[in-house]
Amino acid sequence: MGLVNIIMTMCNSFFLVGVVLLCSWISRGNGSVSYDSKAISVNGQKRILISGSIHYPRSTPEMWPDLINKAKEGGLDVIQTYVFWNGHEPEPGKYYFEERYDLVKFIKLVQKAGLYVNLRIGPYACAEWNFGGFPVWLKYVPGISFRTNNEPFKAAMQKFTTKIVNMMKAERLYETQGGPIILSQIENEYGPMEYELGAPGKAYTEWAAKMAVDLGTGVPWIMCKQDDAPDPIINTCNGFYCDYFSPNKAYKPKMWTEAWTGWFTEFGGPVPYRPAEDLAFSVAKFIQKGGSFINYYMYHGGTNFGRTAGGPFIATSYDYDAPLDEYGLLRQPKWGHLKDLHRAIKLCEPALVSGDPVVTPLGNYQEAHVFKSRAGACAAFLANYNQRSFAKVSFGSMHYNLPPWSISILPDCKNTVYNTARIGAQSAQMKMTPVRKGFSWQSYNEETTSYGDDTFTVAGLLEQVNTTRDHTDYLWYTTDVKIGPWEGFLRGGNMPVLTVLSAGHALHVFINGQLSGTAYGSLENPRLTFKQGVNLRIGVNKISLLSIAVGLPNIGPHFETWNAGVLGPVSLSGLNEGKRDLTWQKWSYKVGLKGESLSLHSLSGSSSVEWVEGSYVTERQPLTWYKTVFNAPNGDEPLALDMNTMSKGQVWINGQSIGRYWNQYKATGNCDACNYAGWFNEKKCLKNCGEASQRWYHIPRSWLYPTGNLLVVFEEWGGNPYDITLVKREVASVCSDIYEWQPTLVNWQLQSSGKVTKPLRPKAHLSCDSGQKISSIKFASFGTPEGACGNFRQGSCHAFHSYDVFERYCVGQQSCTVPVTPEIFGGDPCPNVMKKLSVEVVCS
Ligand code: GAL
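What you see is a predicted model, and the numbers here were worked out from it, not measured in a lab.

Colleague: So what's going on with the sheet that holds strand S12 (residues 293–300)? Which residues, and what values?
Modeller: Ordered in space as S4-S5-S6-S7-S8-S9-S10-S12, the 8 strands form a closed barrel in which the pairing is parallel. Here the average twist between neighbouring strands, direction ignored, is 30 degrees. In terms of strand pairing, strand S8 (residues 221–224) meets strand S9 (residues 234–239) through 3 bridges, oriented parallel. Its bridge partner lying in S9, Ile-222 is registered against Ile-234. In this fold helix H5 (residues 103–112) packs onto strand S4 (49–54), strand S5 (78–82), strand S6 (116–122) and strand S7 (181–186), with an angle of close to 155 degrees to the strand it touches most, S6.

Colleague: Give me the nonpolar core: which residues, what numbers.
Modeller: If you look at the biggest cluster of nonpolar residues, it comprises 139 residues, and the most contacted ones within it are Leu-119, Met-168 and Leu-341. With residues up to four places along the chain from it excluded, the contact list for Leu-341 reads Ala-280, Val-283, Ala-284, Tyr-296, Ile-409 and Tyr-418.

Colleague: Mind laying out the state of the cysteines, listing which residues take part and the relevant values?
Modeller: Following the criterion strictly, the structure yields 8 disulfides and no others. In this model, Cys-671 is linked to Cys-689 through a disulfide, with the two sulfur atoms separated by 1.9 Å. As the torsion about the S-S bond is roughly 80 degrees, the Cys-671-Cys-689 disulfide counts as right-handed. Residue Cys-671 is located in the loop between strand S35 (656–661) and strand S36 (686–687), and its partner Cys-689 is located in the loop between S36 and strand S37 (696–699); the two are separated by 18 residues in the primary sequence. At a sulfur-sulfur separation of 2.0 Å, the disulfide partner of Cys-797 is Cys-830. Disulfide Cys-797 to Cys-830: torsion about the S-S bond roughly -80 degrees, handedness left-handed. Linking Cys-797 in the loop between strand S41 (774–783) and helix H15 (802–810) with Cys-830 in the loop between strand S42 (815–819) and strand S43 (836–843), this pair joins segments that are 33 residues apart in sequence. In this structure Cys-797 comes out as buried when scored by relative accessible area, which is 6%. You can call Cys-830 buried: its relative accessible area is 11%. As a non-bridged cysteine, Cys-126 has Cys-224 as the owner of its nearest cysteine sulfur, 9.1 Å distant. Overall, Cys-126 belongs to the buried group, its relative accessible area being 8%.

Colleague: Now, about the environment of Glu-151: what can you tell me, with residues and values included?
Modeller: Structurally, the position occupied by Glu-151 is in helix H6 (residues 151–170). Using a relative accessible area of 55% as the deciding quantity, one classes Glu-151 as exposed. With 149 residues separating them along the chain, Glu-151 and His-300 place their C-alpha atoms 36 Å apart.

Colleague: Kindly report on the packing of aromatic side chains, identifying the contributing residues and their values.
Modeller: The full count for this structure, using the stated rule, is 61 aromatic pairs. Arranged with centres 5.6 Å apart and planes meeting at 45 degrees, the rings of Phe-240 and Trp-263 form a pair that is tilted. Of this pair, Phe-240 sits in the loop between S9 and strand S10 (255–260) while Trp-263 sits in the loop between S10 and strand S11 (271–272), and the two are 23 residues apart along the sequence. Over the aromatic face of Tyr-95 sits the side chain of Lys-163, whose NZ or CZ is 3.9 Å from the ring centroid.

Colleague: Run through the site of the ligand, naming residues and quoting values.
Modeller: Every one of the 15 residues lining the ligand counts as a neighbour, but Tyr-82, Glu-128, Glu-189, Glu-258 and Tyr-320 are closest to it. A distance of 2.8 Å separates an oxygen atom of the ligand from a polar atom in the backbone of Ala-127. Between Glu-189 and the ligand, the recorded distance is 2.4 Å, taken from a side-chain N or O atom to an oxygen atom. A total of 310 Å² of accessible area belongs to the ligand in isolation, and the protein chains cover 95% of it. Taken together, the residues that form the shell around the ligand break down as 10 nonpolar, 2 polar and 3 charged.

Analysis parameters
Residues numbered from 1 in each chain as written. Predicted model: local features only at pLDDT ≥ 70, side-chain atom pairs only at ≥ 80, totals over all residues. Heavy atoms only, no water. Pairing = 2+ DSSP bridges. Helix = DSSP H or I, 4+ residues; strand = E, 2+ residues; numbered from the N terminus. Axes fitted to C-alpha atoms, helices over the stretch in contact; angles between N-to-C directions. Contact = heavy atoms within 4.5 Å. Core = buried A, V, L, I, M, F, W, Y, C linked by side-chain atoms within 4.5 Å. Buried < 20%, exposed > 50% of the residue type's maximum accessible area, 1.4 Å probe, protein only. Disulfide = S-S within 2.5 Å. Phe/Tyr/Trp six-rings, centres within 6.5 Å; stacked < 30°, edge-to-face > 60°. Lys NZ or Arg CZ within 6 Å of the ring centre and 35° of its normal. Near = heavy atom within 4 Å. Polar contact = N/O pair within 3.5 Å; in protein donor to acceptor, adjacent residues only side chain to side chain. Areas by Shrake-Rupley, 256 points an atom, 1.4 Å probe, with all protein chains shown as cover. Nonpolar A, V, L, I, M, F, W, Y, C, P; charged D, E, K, R; others polar.

The structure is reproduced here in structure tokens:
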């Protein structure tokens, strides 16, 4: 019995003063959330809940309503988000809840759309977010040790958690108050950490659980990946598959808090994607094994604006191959295929919430899971786990064809409405269309050494995070090296070699103001070694090391111990004396760039210096600021900057940072074609090998004025700003790829209504964006076409009227529907062969 249930039972039985107060608080707004072994109940009703993660600071408040509506239309009941502590408390005790961090506004918008909220307060988030969501100042609280049984840490965690819970209560946002929040999360995936830390970890878990429960939210708490979550907290599963999972007590429901829809991108890595068929399969498998709550992580991934990306090396795009893409557009067919899955699952809901399934084998790799309610509802899931072959199974009095690695859903235990490997939804090819090119730039050269007003000098090398407190990515280390006229290398010998060992993440080496070389690590190994011949002259040489942090790690134990920057040793070899150790010399430090201290990214700051104009603008020059002004393009399509000719740096629009770019870091990996069938992991399906990990950078429309927008770029390495292009993202073409006997929900409704007796054929639905029309037919074949959307090919069987039909039904329309039957294409082109329709139409 859940905590709230227990309290409600007490409420019904006693009328003691204290209890009465508690009861009246809980029943205000008439909401209640409880749970049992089967499911979460909201207001007394057991529910199969479909949820999706949308992290509010990864989009703009202007985007939120549309994202939430698209989530609702996609069949979601719940929106899940972390709470991002470092965004809300940038300095101790100074809180921020505005703009992208307006948590209350976000939750109220979800409520307005009629959806629930799963609030993961953490306050540790992980989430590929800078420092896992912890404010960096927390590292400097005396005696702190993160995420363990440590008093200073626990005090800070309790203070922030209480602050958030009180804020939610004050705004009446818990379900028990009539609000949308039905679940809260404390900590995040602490199980593995507890295992590592032993007894103090265990004590911390107990403390965190009690601290959370004592806050009296009136709704259940969950802990993900935490097998020993103390009662009444529900332990939940995260992963690519979670059907194997069971909660730690028989009276808790089986919940999946992170069903990974794809994976994050790192600079230097290829872009992961997860086929919709496998994602749908994993979800259907979870539901058929008795699961009742599933959350897509991410449903909309969005953007790591500013310096919010974790890491190190997490890319600015957090697209995640989610059902809504980074820009908030539908990712098709994933969005549509999941929407159909959700409708199929909801048709089964009365049977699903009634109890455990009866499982029957249907073959070596095939099973039926049948759910029945006392009222007579029956729902069946027919699964084929075979990764390679189709299966023909008999179930009830009928035969069913199951594609490899797929599950069919029969909401009446008879008719298939959905198969996870048969996509009825359209797919879409997107394009990035240039709208502004050839900006007229002005440039400003950044300083290339650390000498100046606000530098300081110490003997030896300083750790970077302690020095910058993460107020900037940049830290200059500068030292002098004297070279006497007697050095052998001056008379035609090899150049001396500078060796720099750094804890990460990237390093530019300047010798006497000239860029001499660059080195960087990777997410897997952020450490780096720079080892290169350097050009030194007689007399005093300035060696300036610009060390760059590319996001602080978001995962791992003991956040208080993590390092970045040049920790040494630093040495020079190839001198007459052999090797000279520079580690313990005097080093001068400067935190951040001159342009940062002048706020060159902002309107006021950028007018405080003289910029170089026109043909004097420096190209391919390291450490250069560029600025230009442009007018916003018409329309409402999402916008991005194509940064392909730049190397590494940051971009700002009207003073707002759109994030770090690093186009120079090319993706290495294996981008071979990938099959949906078979176990998925984040390395299985990859794209962009050999190209920039991220080429386009999202500019939210709401950050633009109609005219006079200030675009500022800081380039570290050297690039060509003249090819920076503003693009809009839009649908290029849409496709449908449907088998002639493929199940559809619409047909099922007709069939089960008894109005039709014969099985019905599916239909192809094609629809361009509003404002677009279908302008031509790129490909159409009813028969045995091959390939996928974007590269369909005719097979050996092809109905000759395939094109004509689409010309007639679709061209000039915004959307069209065509039944997949031989008659419509002029007769059966190859009887007794399983046929399908593949079509691609151009939208413009
Ligand atoms: C999970 C974690 C999430 C996110 C995810 C990977 O383990 O809970 O916050 O980091 O991994 O995207």
